[in-house]
Amino acid sequence: MTADRLIGVAGAGSIGCFVGGMLAAGGRQVALLARPRVIAEIESNGLRLTSFEGLDRRIAADQLTLSENPSIFNDAGVVLVTVKSADTAGIADVIARHAPHDAVIVSLQNGVGNVGVLRARLPGRIVLGGMVPFNVVSVGQGRFHRSTSGDIVIEADDEATAVRLSVPGLKLRATDNIAGVQWGKLLVNLNNALNALGGLPLRRQLSQLKWRRLFADQMAEGLAALRVDGIAPVSSTPVPANWTPHLLRLPDSIFSMVLGRTMKIDPEARSSMWEDLQRGRATEIDYLQGVITEIADRHGLQVPLSRRIVALIRNAEQAGKGSPELTPEQIRDAL
C-alpha cells in the first residue's frame, strides 16, 4: 500500500462515512461505495464530520468518489470493509471482482467472524482484522457525529498498515492479538442491545445502577461462555474484561468517576443497534448475543439473559416501531 493509492470504503454507512471522511480530510484519495440515500445527502450537502470533542470538518463532495458501482475499487490500494456482518460474504465477492489482488482488505466491523469469512472468499489476499471502539450516528444532511472515544485498532502486518492509514484526528493502532481485541469489544457491545431496548442515551443509561447491573449480568454470561470455550478477551478499555462486571455494580458516584477516566461519551449518544431499530433495519444481534448463545449451546451452558435479549430484539425488529423503551425490570421479566 502506498499513500497515493485510493482507499475504498465498502459499505459507507455511519462508520464508513466518518472514517472515509477523516481520511479524505487528511489528504487521501477516498472512494465511498454507498447507498443512494447517503450519496444524495453528501452530493447535496457535502460530508460533515462532527464529534462530542468539538470536531467540525466539512469535506466537499468533489473531494470524494461516490458511487453505487463497485468499479470505483479498481485502483484501490486498501479496501475498508464497514458493512453489517450479515453482508460480509456478499461484499467479499464484490471485492474479489473489482479490487486489485494486492489491495489490503481491512475489516472495521462488529463481531468476531468477519475476518474468517473475508479470508475464505478472498484467498491469497491480505485481510486484516480491525476494531472500531467509537460510535458514529448519522444525523442527516450528510452529517456524521462521533459520540464516543477511542482509537481504531487493526491487526499488525509487515506493511505497517495502521501507521500508513493514520491521519490527523484519526489514529489507528496495531495489535498482535486482534482476535482477543475483537472478543473484548464483543463483550462491551452486548450493551448495544440493552441500549436499543431501553432507548435512553448511553450516558444516562450508564448513570443508573439498575441498568448497569443488567449490563454486568449480561457481561458475566458472556465471560462465562468465553471462558468455557477457551477464549481470552482483551479489554477495549483500561479496565480488564473480568473486572468490568464488578465495576458496573459500583455505586453511581464511584462508577461515574471511573467512567470519566476510561471513556468519553456524548450526552446524546446511543448504540448503533438503537439506530437500526429506529430506521427499521435488521440488527446485528446474531453476531453479538447470538454468538454467546451459540457457544452456550455447544457447551450446555445456561445463558437465560442472553436468550431473553435476543428474543426481545427480534420482537422489536418485527414490530418495526423503533425502540420498545423497556425498563430493566421488563427486560429481566420471565427469566
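Throughout what follows, the structure given in this document is the object of discussion. Because the structure is predicted, anything quoted here is derived from the model rather than measured.

Comments concerning the sheet that holds strand β13 (residues 172-175)
And step 1. Taking strand neighbours across the sheet as the criterion, the 3 strands line up as β9-β12-β13 in an open arrangement whose pairing is mixed. Single-partner strands in this sheet number two, and they are β9 (130-131) and β13.
And step 2. In the sheet, β9 pairs with strand β12 (residues 152-155) via 2 bridges, with the strands oriented antiparallel. Bridged to Gly 130 within β12 is Ile 154.

A look at the packing of helix α6 (residues 178-198) against helix α13 (residues 304-319)
And step 1. The N-to-C vectors of α6 and α13 enclose an angle of 45 degrees; their axes lie 10 Å apart at closest approach. Put simply, α6 runs oblique to α13. Seen from above, α6 lies across α13 with left-handed handedness. Residue-level inspection shows Ala 193, Leu 194, Ala 196 and Leu 197 of α6 in contact with α13, the latter providing Ile 309, Leu 312 and Ile 313.

Describing the packing of aromatic side chains
And step 1. Throughout the structure, instances matching the rule amount to 1 aromatic pair.
And step 2. Relative to Phe 134, the ring of Phe 18 has its centre 5.9 Å away and its plane inclined at 65 degrees; by these criteria the two rings are edge-to-face. With Phe 18 in helix α1 (residues 14-25) and Phe 134 in the loop between β9 and β10 (136-140), this residue pair connects regions lying 116 residues apart in the sequence.
And step 3. Its relative accessible area of 1% is what places Phe 18 among the buried residues.

Here's the deal with the side chain of Glu 284
And step 1. By the secondary structure assignment, Glu 284 is in the loop between α11 (272-278) and α12 (289-299).
And step 2. Within polar-contact distance, the side chain of Glu 284 engages the side chain of Asn 110 at 3.4 Å.
And step 3. Residues within four places of Glu 284 in sequence aside, it is in contact with Lys 84, Ser 85, Asn 110 and Met 273.

Quick notes on the side chain of Asn 135
And step 1. Looking at the element boundaries, Asn 135 is found in the loop between β9 and β10.
And step 2. What makes Asn 135 buried here is its relative accessible area of 12%.
And step 3. The residues contacting Asn 135, other than those within four sequence positions of it, are His 145, Arg 146, Ser 147, Thr 148, Arg 270, Ser 271 and Ser 272.

Focus: the sheet that holds strand β11 (residues 143-146)
And step 1. Within the open sheet, the 4 strands sit side by side as β4-β3-β11-β10. Their pairing is mixed. At either end of the open sheet lies a strand with only one pairing partner, and these are β4 (56-59) and β10. Averaged over all adjacent pairs, the angle separating strand axes in this sheet is 20 degrees, with direction ignored.
And step 2. Taken together, the 4 bridges between strand β3 (residues 47-51) and β11 define a ladder with parallel strand orientation. Looking at the pairing, Ser 51 lines up with Arg 146 of β11.
And step 3. Against the sheet, α1 touches β3, β4, β10 and β11, its axis set at about 100 degrees to β3.

Section: the environment of Leu 250
And step 1. Inspection of the secondary structure assignment puts Leu 250 in the loop between α9 (244-248) and α10 (252-262).
And step 2. Sequence-wise, Leu 250 and Val 139 are 111 residues apart; in three dimensions their C-alpha atoms are separated by 34 Å.
And step 3. If we ignore the near neighbours within four places in the chain, the residues touching Leu 250 are Leu 209, Arg 212 and Phe 255.

Thoughts on the pairing of strand β6 (residues 76-81)
Remember that side chains alternate between the two faces of the sheet whenever the strand is regular.
And step 1. A large share of β6 lies buried, amounting to 6 of its 6 residues.
And step 2. Looking at chain direction, strand β1 (residues 6-10) and β6 are connected through 5 bridges and run parallel. When the sheet's bridge partners are listed, Val 9 is paired in β6 with Leu 80.
And step 3. One ladder, built from 4 bridges, connects β6 with strand β7 (residues 104-107); its direction is parallel. The residue of β7 that forms the bridge with Val 81 is Ser 107.

The rules behind each value
Residues numbered from 1 in each chain as written. Predicted model: local features only at pLDDT ≥ 70, side-chain atom pairs only at ≥ 80, totals over all residues. Heavy atoms only, no water. Pairing = 2+ DSSP bridges. Helix = DSSP H or I, 4+ residues; strand = E, 2+ residues; numbered from the N terminus. Axes fitted to C-alpha atoms, helices over the stretch in contact; angles between N-to-C directions. Parallel < 35°, antiparallel > 145°, perpendicular 65-115°, else oblique. Left-handed = near helix turned anticlockwise from the far one by under 90°. Contact = heavy atoms within 4.5 Å. Phe/Tyr/Trp six-rings, centres within 6.5 Å; stacked < 30°, edge-to-face > 60°. Buried < 20%, exposed > 50% of the residue type's maximum accessible area, 1.4 Å probe, protein only. Polar contact = N/O pair within 3.5 Å; in protein donor to acceptor, adjacent residues only side chain to side chain.

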